[in-house]
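The chain contents come next:
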Amino acid sequence: MSLFPKLNGFFIRHDLWHAEEVSLATIAEQFGTPTYVYSKKALTDAFNAYETACIRTDGSRRARVHYAMKANSNLAILNVFAKLGSGFDIVSAGELARVLAAGGSADKIVFSGVGKSKVEMIAALQAGVKCFNLESIPELTRLNEVAGSLGIKARISIRVNPDVDPKTHPYISTGLKGNKFGIAYDDVIATYQAASTMPFCEIVGIDCHIGSQITEISPYMDALDRVLHLISTLDAAGIKIRHLDIGGGLGISYTNETPPAITEFANTLLDHIEEKGFGHLEVLFEPGRSLVGNAGLLLTTIEYLKPGETKNFCIVDAAMNDLMRPAMYEAYHAIVAVKNKSSVPEVMYDIVGPICESGDWLGRDRSLKVEPGEHLAILSAGAYGFTMSSNYNTRGRAAEVMVDGSKVHLIRERETIQSLFANEKVLPA
Ligand code: LLP
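Residues numbered from 1 in each chain as written. Predicted model: local features only at pLDDT ≥ 70, side-chain atom pairs only at ≥ 80, totals over all residues. Heavy atoms only, no water.

**Re the overall build of the chain**
- A count of helices and strands for the chain gives 12 helices and 21 strands.
- Relative to the globule expectation of 22 Å for 429 residues, the C-alpha radius of gyration of the chain, 23 Å, shows essentially globular dimensions.
- Principal-axis analysis of the C-alpha atoms places the extent of the chain at approximately 75 × 65 × 40 Å.
- Expressed as a percentage of the 429 residues in the chain, the buried residues total 55%. (Helix = DSSP H or I, 4+ residues; strand = E, 2+ residues; numbered from the N terminus. Rg over C-alpha atoms; globule rule 2.2 N^0.38 Å. Buried < 20%, exposed > 50% of the residue type's maximum accessible area, 1.4 Å probe, protein only.)

**Description of the pairing of strand S9 (residues 154-161)**
- The buried fraction of S9 is high, at seven of eight residues.
- Relative to S9, strand S8 (residues 131-134) is paired through three bridges, and the arrangement is parallel. Residue Phe-132 lies in a different strand from S9, and its bridge partner there is Ile-156.
- Each parallel crossover has a hand, and for S8 linked through helix H6 (residues 137-150) to S9 it is right-handed.
- Here S9 pairs with strand S11 (residues 201-207) via six bridges, running parallel. Bridging across to S11, Ile-156 finds its partner in Ile-203.
- The pairing of S9 with strand S10 (residues 183-184) spans two bridges and is classified as parallel. Looking across to S10, one finds that Asn-161 is bridged to Ala-184. (Pairing = 2+ DSSP bridges. Right-handed = clockwise from strand over helix to strand, strands pointing away.)

**Focus: the pattern of salt bridges**
- For the structure on display, the rule yields 22 salt bridges.
- When the shortest N-O distance is used, the salt bridge between Glu-415 and Arg-397 registers 2.8 Å. In this pair, Glu-415 sits in the loop between strand S21 (407-412) and helix H12 (417-420) while Arg-397 sits in the loop between strand S19 (375-378) and strand S20 (399-404), placing the two residues 18 residues apart along the sequence.
- Here Glu-415 and Arg-412 are joined by a salt bridge, their closest N and O atoms 3.7 Å apart.
- On the basis of relative accessible area, Glu-415 is assigned to the buried category, the value being 18%. (Salt bridge = Lys/Arg side-chain N within 4 Å of Asp/Glu carboxyl O.)

**Description of the packing of helix H4 (residues 93-101) against helix H5 (residues 118-127)**
- Contact geometry for H4 and H5: axes closest at 9 Å, N-to-C directions at 30°. Between H4 and H5, the angle falls in the class roughly parallel. For the pair H4 and H5, contact is made by Ala-93, Leu-96 and Leu-100 and by Glu-120, Ala-123, Ala-124 and Ala-127, respectively.
- Taken together, the residues of the contact of H4 with H5 sort by class into six nonpolar, no polar and one charged. (Axes fitted to C-alpha atoms, helices over the stretch in contact; angles between N-to-C directions. Parallel < 35°, antiparallel > 145°, perpendicular 65-115°, else oblique. Contact = heavy atoms within 4.5 Å. Nonpolar A, V, L, I, M, F, W, Y, C, P; charged D, E, K, R; others polar.)

**Overview of the sheet that holds strand S3 (residues 22-23)**
- Here three strands make up an open sheet; going across it, the order is S1-S2-S3 and the pairing antiparallel. Sheet topology places strand S1 (10-13) and S3 at the edges, where each strand pairs with a single neighbour.
- Inspection of the sheet shows S1 paired to strand S2 (residues 16-19) by four bridges, in the antiparallel sense. Bridge pairing in S2 places Ile-12 opposite Trp-17.

**A look at the packing of H5 against H6**
- Packing of H5 against H6 leaves a shortest axis separation of 10 Å and a crossing angle of 55°. Overall, the two elements H5 and H6 adopt an arrangement that is oblique. Crossing geometry of H5 relative to H6 is assigned as right-handed. The segment H5 lies against H6, with Lys-118, Met-121, Ile-122, Leu-125 and Gln-126 engaging Glu-139, Arg-142, Leu-143, Val-146, Ala-147 and Leu-150.
- A per-class count over the contact of H5 with H6 returns seven nonpolar, one polar and three charged. (Left-handed = near helix turned anticlockwise from the far one by under 90°.)

**A few points about the pairing of strand S14 (residues 296-306)**
- Pairing of strand S4 (residues 35-39) with S14 involves four bridges; the strand directions are antiparallel. When the sheet's bridge partners are listed, Thr-35 is paired in S14 with Leu-299.
- Pairing geometry for S14 and S19, over four bridges, is antiparallel. Within S19, the residue paired with Leu-298 across the bridge is Ile-378.
- The sheet contact formed by S14 and strand S15 (residues 313-316) spans four bridges and is antiparallel. Directly across from Leu-305, in S15, lies its bridge partner Cys-314.

**Let's talk about the site of the ligand**
- Close to the ligand lie 18 residues, the nearest being Ser-212, Glu-286, Arg-325, Tyr-329 and Tyr-384.
- One of the side-chain nitrogen or oxygen atoms of Lys-70 is found 3.4 Å away from an oxygen atom of the ligand.
- Gly-249 has a polar backbone atom sitting 2.8 Å from an oxygen atom of the ligand.
- Among the residues forming the shell around the ligand, the class breakdown is six nonpolar, six polar and six charged.
- When residues of the shell around the ligand are sorted by domain, at least three fall in each of domain 1 (10-39 + 293-420) and domain 2 (112-287). (Near = heavy atom within 4 Å. Polar contact = N/O pair within 3.5 Å; in protein donor to acceptor, adjacent residues only side chain to side chain. Domains from an automatic or database assignment.)

**Digging into helix H3 (residues 75-83)**
- When H3 is considered as a whole, its buried residues turn out to be Ala-76, Ile-77, Leu-78, Val-80, Phe-81 and Ala-82.
- Where H3 starts, the residue carrying a side-chain oxygen 2.7 Å from the main-chain nitrogen of Ala-76 turns out to be Asn-74.
- Gly-85 sits one or two residues past H3 and shows a positive phi near 100°.

**A look at the packing of aromatic side chains**
- One pass over the full model with this rule turns up nine aromatic pairs.
- Taking 6.0 Å as the distance between ring centres and 80° as the angle between the ring planes, the aromatic pair formed by Tyr-36 and Phe-386 counts as edge-to-face. Of this pair, Tyr-36 sits in strand S4 while Phe-386 sits in the loop between S19 and S20, placing them 350 residues apart in sequence. Pair check on accessibility: Tyr-36 and Phe-386 agree, each one buried.
- In textbook terms, an aromatic cluster arises when at least three aromatic residues are bridged by ring pairs, as seen for Phe-47, Tyr-67, Phe-81 and Phe-88.
- Against the face of Trp-361 rests Arg-364, its NZ or CZ located 4.0 Å from the ring centre. (Phe/Tyr/Trp six-rings, centres within 6.5 Å; stacked < 30°, edge-to-face > 60°. Lys NZ or Arg CZ within 6 Å of the ring centre and 35° of its normal.)

Printed below as a string of structure tokens:
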């Protein structure tokens with residue numbers, strides 16, 4: 001059983017881990033640690049794996065990727081995808097501003113999320129986003145009012161909660177009855193009928209998203225069939241759906257998981273849609289993790305080795321504020337020594353950060369041959385790594401670099417300590 005994911009863009013050469021042509025030791029020396037390192041090749045290949053399924057052999061398009069930028073919203077990453085022709089899935093006015101700044105085009109943006117504020121609706125309407133994915137009647141009513149006040153018609157889709165079990169971590173499953181997301185399956189038709197009477201809402205699509213880190217295709221097929229059935233019912237009621245947004249959620253391998261390959265996954269869903277007679281629909285995918293997760297790692301330096309009676313601790317300079325996933329979901333990330341030191345004995349460690357919480361761990365019970373001062377790479381950290389990071393313990397957030405062949409580009413400077421409290425004020429004397 002391999003405990004390492006299959007990676008593209010990161011590999012061992014001469015006993016040293018590399019990102020494309022550059023050794024991680026060189027990056028650590030040049031940029032310091034903790035630093036997120038991304039491979040442009042891995043990002044591009046993952047995107048093109050979707051495109052292979054999305055474009056027919058005659059060159060016509062049968063689906064489009066709308067990258068769920070919450071997974072990683074660095075401008076450079078957005079810009080790589082925008083140049084490859086990607087659309088985007090956003091969930092806030094902040095993400096809207098970011099993606100426009102990175103060269104994304106508004107007519108390829110879908111706006112998801114359960115709690116869009118008036119201000120966010122105005123920004124998205126003025127930018128001219130492709131579609132609002134709506135999740136409740138009050139949200140629909142508010143959008144109709146806001147759009148009316150601007151004299152703009154909002155293109156909308158209703159997010160269906162298909163009530164299927166995605167068989168993933170409960171915190172990242174979204175398409176079950178008990179989740180806060182989407183409109184209950186049985187209420188969808190009535191919601192569309194309500195939307196069809198709203199003068200400033202134009203029905204264009206339907207969407208669903210059932211969860212994240214899904215490693216099997218069957219929950220998607222179940223959800224898809226339920227949504228296709230709704231499209232037929234709507235059609236019979238005179239409500240025409242032009243696009244079908246299948247959401248994101250395809251899992252990646254963190255250790256020994258075997259999710260379907262991207263192209264195979266997308267082809268299976270698209271073929272099914274065509275076989276069922278819905279080939280006329282424009283199809284949207286909203287992947288996040290499967291595009292960026294294994295295209296990034298977190299580089300860190302060992303501060304101390306601390307032997308203990310029941311556990312040995314490897315204390316590093318990255319912490320739960322840099323990568324929340326282990327603390328929050330008990331997520332497993334493979335951790336490797338950047339330099340293979342065969343001379344050092346192998347010891348079992350818990351890899352922990354300097355934060356004052358027992359939950360501040362990055363990996364448990366990992367065998368490593370390491371010494372203080374050396375570097376570790378925490379793998380599969382490209383998705384929900386930097387974007388979920390915080391300044392807890394007044395720690396500046398990590399630097400980010402993107403490797404492109406033999407070039408390393410600094411794509412986010414490390415935060416300075418002064419910047420962390422620059423917006424704060426003490427009370428007047
Ligand atoms: N579309 C919608 C509406 C979503 O809510 C999400 C993710 C996606 C697309 C992208 O899903 P993906 O392809 O990345 O699975 N922080 C968690 C994951 C939260 C996912 C939230 N929604 C983690 O670190 O595992």
